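Structural characterization, general
Given next are the chains, with one letter for each unit.
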Amino acid sequence: MNFSAGFLRLSIPRFSRSLATVTHATRSSPQRHDWTRQEIQKIYDSPLLGLVFRASSIHRQNHDPSKIQLCTLMNIKTGGCSEDCSYCSQSSRYSTPTQASRLLDIEPVIEAARKAKENGSTRFCMGAAWRDLAGRKRGFERILQMVREVRGMGMEVCTTLGMLSPEQAKQLKEAGLTAYNHNLDTSREFYPQVITTRSYDERLDTISAVRDAGISVCSGGILGLGESDADRIGLIQEVANMPEHPESFPVNALVPIPGTPLEGNERVAHHTLLRTIATARIVLPGTIIRLAAGRNTLTESEQAMCFMAGANAVFTGEQMLTTPCSPWTR
């Protein structure tokens, strides 16, 4: 499947909100921050084809439907994490195929970013398996330099490093960070069934620190954790009622990994993925919706339906963090 990759480069003033390289339409829908669950559920439960048609119409009002942003994600520090996220092979609490490693040196990361850019990616994302940056001053300084160098290549830069303090967020902004990923994963109610070592409000505190520093927020969820439709609706409501809608909303389909508590979960149904994307597009009209983990399991026609429903960014490359990724040509 081939996508047009014409992008718009924006001049970003210091401490202004960074925007992704996708082309927005001249018309835009107003943002609402007072959505009720009943309203969102009514959208989610509507007939599927009508839901996709409505989402597609809103997408075309707010985005160029011919544009799909290509992003590449690199794991710069693998495994050994103290958290107990039940879907993650990088937790030190589980026996999984993932081997812990130290933070990478700068040059291999820059080389990977160059390769990503050569293959059409306009955003380069770096992930480190940490709960937070406490006691990691030298490592954080190395990451700040990675951000500066990738940004200097003309690419957008995103990181996901666990919880951040306001001062750490400010330093990342000063280094040139475009966006920070910190997923809520699921609804507030279901969240304790998935993670116990970090609270929902701690996640929201990090998102607030990122937003206040002038960094774009990337926050979404994972489908297939064992959640219900009500939990997917709750996730969308939580994000939609933030002070600002996130710049991007990743929609991940769980990739069950041997050794994790969720290793036996079934693959999420495509119609569930489609309903979630379409509902998010309607509720978050100006947000970039990223078709993230699990895309490699979808057929081309299934992916096309996701794009019709409003998804307008994908990850491509050699792998996600620890799971397969669709290659550069898909």
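Here we summarise the structure given alongside this text. (Residues numbered from 1 in each chain as written. Predicted model: local features only at pLDDT ≥ 70, side-chain atom pairs only at ≥ 80, totals over all residues. Heavy atoms only, no water.)

Describing the pattern of salt bridges
Within the structure shown, the criterion is met by 18 salt bridges. Across the pair R232 and E227 runs a salt bridge, and its minimum N-O distance is 2.5 Å. By the burial criterion, R232 is buried, and E227 matches it. Here the residues in one salt-bridge network are E83, R131, D132, R198 and E202, joined through shared partners. (Salt bridge = Lys/Arg side-chain N within 4 Å of Asp/Glu carboxyl O. Buried < 20%, exposed > 50% of the residue type's maximum accessible area, 1.4 Å probe, protein only.)

Focus on helix α7 (residues 229-240)
Taking 1.5 Å per residue as the helical rise, α7 with its 12 residues ought to reach 16 Å, and the 17 Å between its terminal C-alpha atoms agrees with that figure. Within α7, nine of the 12 residues are buried, which leaves it mostly tucked inside the rest of the structure. Of the positions making up α7, those classed as buried are D231, R232, I233, G234, L235, I236, Q237, V239 and A240. Packed against the buried residues of α7 are α1 (37-44), α6 (200-212), β6 (221-223), β7 (248-253) and α8 (270-283). (Helix = DSSP H or I, 4+ residues; strand = E, 2+ residues; numbered from the N terminus. Expected span 1.5 Å × (residues − 1). Contact = heavy atoms within 4.5 Å.)

Remarks on the packing of helix α3 (residues 106-118) against helix α4 (residues 137-152)
Put simply, α3 and α4 touch, their axes get as near as 10 Å, and they point 30° apart. Put simply, α3 runs roughly parallel to α4. Judged by the twist between their axes, the crossing of α3 over α4 is right-handed. Counting all contacts with α3, which are made through I106, V109, I110 and A113, the residues of α4 involved are R142, Q145, M146, E149 and V150. (Axes fitted to C-alpha atoms, helices over the stretch in contact; angles between N-to-C directions. Parallel < 35°, antiparallel > 145°, perpendicular 65-115°, else oblique. Left-handed = near helix turned anticlockwise from the far one by under 90°.)

With respect to the side chain of E156
Looking at where E156 falls in the secondary structure, it is placed in strand β3 (residues 156-160). For E156, a relative accessible area of 4% puts it in the buried group. Side chain to side chain, E156 and Q69 meet in a polar contact 3.1 Å long. (Polar contact = N/O pair within 3.5 Å; in protein donor to acceptor, adjacent residues only side chain to side chain.)

Observations concerning the nonpolar core
I76, Y87, F124, L172, I277 and L291 are the most contacted members of the largest nonpolar core, which has 84 residues in total. For this core, the element with the most residues is α8, which contributes seven residues. Every residue in contact with Y87, bar those within four places of it in the chain, is listed here: D185, V194, I195, R203, I222, L225, L254, I257, T260 and L262. Counting residues in hydrophobic clusters, the runner-up holds seven residues, among them C71, L73, C125 and A179. (Core = buried A, V, L, I, M, F, W, Y, C linked by side-chain atoms within 4.5 Å.)

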